[in-house]
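The lines below spell out each chain.
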Amino acid sequence: MGRVTWIVSAVLYLGVIVWGWLVLPADGVAAHMSLSGEVTRYGSRAEFVGTNLGLALLMLGITPALSSAATRGDASMLNMPNKDYWLQPERREATLSLVRTQLWYFLAATNLLIAVMMADIVAISMLGRDVVGPWMLALYLVGTIIWTVWFTRRFRRPEDA
């Protein structure tokens, strides 16, 4: 299910780039904003599409490789609490499966964050005002903190072990 969620988020991310390409003017696209949402630099539609397509291809290429590398072989890239306990042969496959799924979900959330921010740039360029504001980034950061706490608590060593 994590991989399916990531695929849906990737399609949405690419959809925002295509939408921007279709609706943005050739010039006058918001390229940089201050923390207050004021546009401080404008660019072109080609810059928007090129930059975001490059980032999207990087993100979409790295995600499967990262998920695979972190949970393959001796799992030396994996950083988790009580790793020695959770990677014992009788728990290894279930642990790696859960970690792999959680990575897909986390990276899907990252895709969605970027897609919403890019959609906000399209909205700013078309409407002249910020639609999303800083709330999406704040939500992502709070979600990351909650996920990290959950993940850390999930892999505590049981008291009887």
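What you are looking at is a predicted structure, and each value in this text was computed from that prediction instead of being measured. (Residues numbered from 1 in each chain as written. Predicted model: local features only at pLDDT ≥ 70, side-chain atom pairs only at ≥ 80, totals over all residues. Heavy atoms only, no water.)

Thoughts on the overall build of the chain
To be explicit about the condition: For the purposes of this entry, the term helix denotes a DSSP run of H or I that reaches at least four residues, the term strand denotes a run of E that reaches at least two, and both are numbered from the N terminus. Here the globule rule is a power law, 2.2 Å times the number of residues to the power 0.38, and the radius of gyration is based on C-alpha atoms. Exposure classes here rest on a 1.4 Å probe applied to the protein chains alone. A residue is buried below 20% of its type maximum, exposed above 50%, and partly exposed in between. The contact criterion used is simple: two residues touch if any of their non-hydrogen atoms lie within 4.5 Å. For every accessible area listed, the method is Shrake-Rupley and the probe measures 1.4 Å; residues are considered covered only by the protein chains on display.
Along the chain, the regular secondary structure elements total five helices and two strands. Compactness check: the chain gives a C-alpha radius of gyration of 19 Å against a globular reference of 15 Å for 161 residues, more than 25% above the reference. In terms of overall dimensions, the chain has C-alpha extents of about 60 × 30 × 25 Å along its principal axes. Evaluated residue by residue, the chain yields a buried proportion of 35% over its 161 residues. Considering only contacts in the chain between residues 6 or more positions apart, those separated by 24 or more positions represent 66%. When the accessible surface of the chain is summed, it comes to about 9600 Å², and 67% of that surface belongs to carbon and sulfur atoms.

Re the pairing of strand 2 (residues 39–44)
Defined as follows: Two strands qualify as a pair provided DSSP detects at least 2 bridges between them.
Pairing between strand 1 (residues 27–33) and strand 2: five bridges, direction antiparallel. Across the sheet, the residue bridging to V29 is G43, located in strand 2. Hairpin remark: strand 1 followed by strand 2, antiparallel, with five residues in the connecting loop; positive phi at G37, about 95 degrees.

A look at the packing of aromatic side chains
Under the convention used in this document: A pair of Phe, Tyr and Trp rings is counted when the ring centres sit within 6.5 Å of each other, with Trp represented by its six-membered ring. The angle between the planes then sorts it: under 30 degrees is stacked, over 60 is edge-to-face, the rest tilted. Only when the NZ of Lys or the CZ of Arg is both within 6 Å of the ring centre and within 35 degrees of the ring normal is a charge said to sit over the ring.
Per the counting criterion, the structure on display carries eight aromatic pairs. Relative to Y140, the ring of F106 has its centre 6.2 Å away and its plane inclined at 35 degrees; by these criteria the two rings are tilted. Remark: Y140 occurs in helix 5 (residues 135–154) and F106 occurs in helix 4 (residues 89–127); sequence separation between them is 34 residues. Looking at F106, the relative accessible area reads 23%, which means it is partly exposed. Of note, R91 hangs over the ring of Y85, and the distance from its end group to the ring centre comes to 3.7 Å.

Things to note about a nonpolar patch on the surface
Convention followed: Only residues whose relative accessible area exceeds 30% and that form no salt bridge enter a patch; like-charged residues are grouped when within 9 Å of one another, and nonpolar side chains (Val, Leu, Ile, Met, Phe, Trp, Tyr) when within 5 Å. One speaks of a salt bridge when a side-chain nitrogen belonging to Lys or Arg is within 4 Å of a carboxyl oxygen belonging to Asp or Glu.
There is a patch of nonpolar side chains on the surface, built from V18, W19, W21, L22, V23, M126, L127 and V131 and spanning about 800 Å² of accessible area. Listed by contribution, the elements that provide at least two residues to the nonpolar patch are helix 1 (2–23) and helix 4. Examining the composition of the nonpolar patch, we find that five residues originate from one element, helix 1, more than from any other. Tracing the backbone through its elements, the reader meets M126 in helix 4. Take M126: its relative accessible area is 43%, and that puts it in the partly exposed class.

A look at the side chain of Q102
Along the polypeptide, Q102 turns up in helix 4. You can call Q102 buried: its relative accessible area is 12%.

Let's talk about the environment of F151
As for its position among the elements, F151 is in helix 5. Spatially, the C-alpha atom of F151 lies 16 Å from that of A109, the residues being 42 residues apart in sequence. Apart from the residues within four sequence positions on either side, F151 is in contact with N79, M80, P81 and V99.

Structural measurements only, silent on function.
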